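Architecture and fold: a report
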Amino acid sequence: QVPLVESGGGLVQAGGSLRLSCAASGRTFRNYAMVWFRQAPGKELEYVATISWSGGQTNYADSVKGRFTISRDNAKKTVFLQMNSLKLEDPAVYYCAADGVFTRYENEYNYWGQGTQVTVSS
């Protein structure tokens with residue numbers, strides 16, 4: 001088991017920034033790829049970004065590329081999502097997930113957090 005707890009969500013104006021955190025517990029955190037997904041009301045779960053266990057590989061959805069940055073601190077067992085230039089289409093519940101495979105496919109991730117809400121105002 002890899003318990004995950006997201007934080008950092010909130011309300012921000014369009015064009016602003018937020019930094020999400022996902023804190024893990026357990027000794028095997030550094031072995032896992034980490035990913036961020038998001039889900040807006042009435043929409044399907046959407047892939048956002050993923051990072052390999054070492055942090056050496058990252059991948060982003062086209063919709064966030066150049067605006068969002070995923071990073072991790074294995075010593076602190078935390079993964080981050082720096083979100084800049086937030087748009088009106090970015091609001092959603094953001095979830096982090098973990099597993100052993102570096103992939104963008106939700107079915108490959110077995111460990112999930114509870115989510116954190118991001119709201120963007122005009």
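In this report, we go over the structure that sits alongside the text. Note that the structure is predicted; figures quoted are calculated from it, not measured.

Looking now at the pairing of strand β7 (residues 68–73). Going residue by residue along β7, you find Phe68, Ile70 and Arg72 tucked away on one face and Thr69, Ser71 and Asp73 left uncovered on the opposite face. One ladder, built from six bridges, connects β7 with strand β8 (residues 78–83); its direction is antiparallel. Following the sheet pairing, phenylalanine 68 is matched in β8 by methionine 83. From the end of β7 to the start of β8, which pair antiparallel, there are four residues, and lysine 77 there has a positive phi angle of about 55°.

Let's shift gears to the packing of aromatic side chains. Enumeration over the complete set of coordinates arrives at four aromatic pairs. Aromatic side chains phenylalanine 37 and tyrosine 47 sit 6.0 Å apart centroid to centroid with 70° between the ring planes, which places their arrangement in the edge-to-face category. Residue phenylalanine 37 is found in strand β4 (residues 33–39), and its partner tyrosine 47 is found in strand β5 (residues 46–51); the two are separated by 10 residues along the sequence. Like tyrosine 47, phenylalanine 37 is buried. Following the ring pairs from residue to residue traces out a cluster consisting of Phe37, Tyr47, Tyr109 and Trp112. In this structure, arginine 19 packs its charged tip against the face of phenylalanine 80, placed 3.9 Å from the ring centre. Over the ring of phenylalanine 29 we find arginine 72; its NZ or CZ atom is 4.6 Å from the centre of that ring.

Right, let's get into the side chain of serine 52. In this structure, serine 52 sits in the loop between β5 and β6 (58–60). What makes serine 52 buried here is its relative accessible area of 6%. The residues touching serine 52, leaving out its near neighbours within four places in the chain, are Tyr32, Ala33, Gln57, Arg72 and Phe102.

Membership of the largest hydrophobic core comes to 37 residues, with the highest contact counts inside it found for Leu4, Trp36, Leu81, Met83 and Tyr94. Put simply, the parts of the chain that give this core at least two residues each are β3 (18–24), β4, β5, β7, β8, β9 (92–99) and β11 (116–121). The contact partners of tyrosine 94, leaving out residues within four places of it in the chain, are Glu6, Leu20, Trp36, Phe37, Arg38, Val48, Phe68, Leu81, Met83, Gly115, Thr116 and Val118.

Conventions and cut-offs
- Residues numbered from 1 in each chain as written.
- Predicted model: local features only at pLDDT ≥ 70, side-chain atom pairs only at ≥ 80, totals over all residues.
- Heavy atoms only, no water.
- Buried < 20%, exposed > 50% of the residue type's maximum accessible area, 1.4 Å probe, protein only.
- Helix = DSSP H or I, 4+ residues; strand = E, 2+ residues; numbered from the N terminus.
- Pairing = 2+ DSSP bridges.
- Phe/Tyr/Trp six-rings, centres within 6.5 Å; stacked < 30°, edge-to-face > 60°.
- Lys NZ or Arg CZ within 6 Å of the ring centre and 35° of its normal.
- Contact = heavy atoms within 4.5 Å.
- Core = buried A, V, L, I, M, F, W, Y, C linked by side-chain atoms within 4.5 Å.

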